[in-house]
Amino acid sequence: MLKKIIAGNWKQNGTLKSSISLTKKVLQAVKKEKYTHEIIIIPPSIFLLPVKDLIHKSQIKLGAQNVSAFDDGAYTGEISGSMLKDSGVDYCLVGHSERRHLLNEDESAFSSKVSRLIDNDITVIYCFGETLNDYKNKKTKIIIKRQLKKLFLNNENNLKKHSSKLILAYEPVWAIGTGLVPTPEELVSIFKYIRDTVNNLDKKYASIKLLYGGSVTPDNASSLMDTEHIDGLLIGGASLIAKKFIDICSTIWDKYTMQTALLTIHIILAVILVVLVLVQQGKGADAGAAFGSGASSTVFGARGNATFLNKLTTIVALSFFVTSLSLAYISSNKSQTSKSLINETVKEEIVDDQEKFDKP
Ligand code: PEP
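What comes next concerns the included structure.

Conventions and cut-offs
Residues numbered from 1 in each chain as written. Predicted model: local features only at pLDDT ≥ 70, side-chain atom pairs only at ≥ 80, totals over all residues. Heavy atoms only, no water. Phe/Tyr/Trp six-rings, centres within 6.5 Å; stacked < 30°, edge-to-face > 60°. Helix = DSSP H or I, 4+ residues; strand = E, 2+ residues; numbered from the N terminus. Buried < 20%, exposed > 50% of the residue type's maximum accessible area, 1.4 Å probe, protein only. Pairing = 2+ DSSP bridges. Contact = heavy atoms within 4.5 Å. Polar contact = N/O pair within 3.5 Å; in protein donor to acceptor, adjacent residues only side chain to side chain. Core = buried A, V, L, I, M, F, W, Y, C linked by side-chain atoms within 4.5 Å.

### Some thoughts on the packing of aromatic side chains
Next up, step 1: Under the definition given, this model contains six aromatic pairs.
Next up, step 2: For the ring pair Phe 128 and Tyr 170, a centre distance of 5.9 Å and an interplane angle of 50° mean the geometry is tilted. Placement of the pair is Phe 128 in strand S5 (residues 123-128) and Tyr 170 in strand S6 (residues 166-170), with a sequence separation of 42 residues.
Next up, step 3: Among the residues examined, Tyr 170 registers a relative accessible area of 0% and is labelled buried.
Next up, step 4: Clustering of aromatic rings is evident, with ring pairs tying together Phe 128, Tyr 170 and Phe 191.

So, in structure tokens, the structure goes:
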């Protein structure tokens, strides 16, 4: 099963003390629960090193929120890709809507930043998404395509060689920090569109992971992750509260661990069932020997052996039936929860509160 990604963007929040405390709490949970997702924390640059000191022996990865568009030199106030690398940074955000809209960064700055990061072996988490105006005017897909095309065209050589160094994060601007989330139907359609658009640019891009970001909470995280093509979540506000961030990691972890375990048992049972049927049909003499049929016939006699195989087959078949039902229940529950992800109230809020969220 694909490794999921959970990334927490702390933005310009916290103090040294609160950053250390938050990191320690996340670290404790990660050590206790032994999550297998890729967990990334993205603190303000000034706290990168103290956070790195705490997480360096753990599975938690360090992300930066920004990088200079230039290599080392006379660029007062900037932090270069090589400095980030030197500080143990594995990931860096580029294209976040707050940098696009509040700090007026454009595609050409983003493309220089992508190059600086790839040159320094840092994975880019490239954010993109439409504003509320685009959304209202049904331009979501046009905007997404435009943003993605610019990214891939401006960085064609680098990305074709290093596509594993890119993660894409779809973040509708109107969903960031607002409590609003696209409907499940919208998410399914948008993520299919993103996947197709990226794959059609070059088949090398088919393994680029896709994240969703915008008002993720412990309540909606699991449903969001059930959406086809969503490989992980980029979390802003909820990543600042240890319990919420840990709860998000845990819900996803519990669900996928249970699913993986059930699926493994299901496959093993299927194989045993096939072998048992073959043995009993007399077509599987070798398999029967491997099962020790000689030994069991000495203990049970020929008839005892047959009864034992019959009983075993019944038990395995029943267990197979139970795992089938459980897997079917999980997948039907999956679509039900995803249907209730956004309710009418939220949809109404989008319409009524348009002006409020018009500003990015
Ligand atoms: C973000 O800023 O990347 C983000 C997703 O924020 P929030 O989770 O607070 O909406």
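Now that the structure has been shown, we can carry on.
### Observations regarding the pairing of strand S1 (residues 5-9)
Next up, step 1: Of all five residues that make up S1, five are buried, and the element is covered over most of its length.
Next up, step 2: Sheet topology places S1 next to strand S2 (residues 38-42); five bridges connect them, and they run parallel. Along S2, the bridge assignment pairs Gly 8 with Ile 41.
Next up, step 3: Pairing analysis gives four bridges linking S1 to strand S8 (residues 232-235), with the strands arranged parallel. Residue Ile 6 lies in a different strand from S8, and its bridge partner there is Leu 233.

### Points about the side chain of Ser 19
Next up, step 1: Within the fold, Ser 19 resides in helix H1 (residues 16-33).
Next up, step 2: When near neighbours in sequence (up to four residues on either side) are disregarded, Ser 19 contacts Trp 10 and Phe 47.

### Examining the side chain of Arg 100
Next up, step 1: Structurally, the position occupied by Arg 100 is in helix H4 (residues 97-101).
Next up, step 2: Residue classification places Arg 100 among the buried positions, given a relative accessible area of 11%.
Next up, step 3: There is a polar contact of 2.9 Å between the side chain of Arg 100 and the backbone oxygen of Cys 127.
Next up, step 4: When neighbours within four sequence positions are excluded, Arg 100 is seen to be in contact with Gly 95, Glu 105, Glu 107, Phe 110, Tyr 126, Cys 127, Phe 128 and Gln 147.

### Regarding the nonpolar core
Next up, step 1: Membership of the largest hydrophobic core comes to 68 residues, with the highest contact counts inside it found for Tyr 126, Phe 152, Leu 168, Ile 194, Tyr 212 and Leu 233.
Next up, step 2: By residue number, the principal contributor to this core is helix H11 (residues 242-280), which donates seven residues.
Next up, step 3: Those residues within four positions of Phe 152 in sequence are excluded, and the remaining contacts are Leu 159, Leu 166, Leu 168, Val 198, Leu 201, Tyr 205 and Ile 208.
Next up, step 4: By size, the runner-up hydrophobic cluster in this structure holds twelve residues, among which are Ile 40, Ile 42, Ile 125 and Cys 127.

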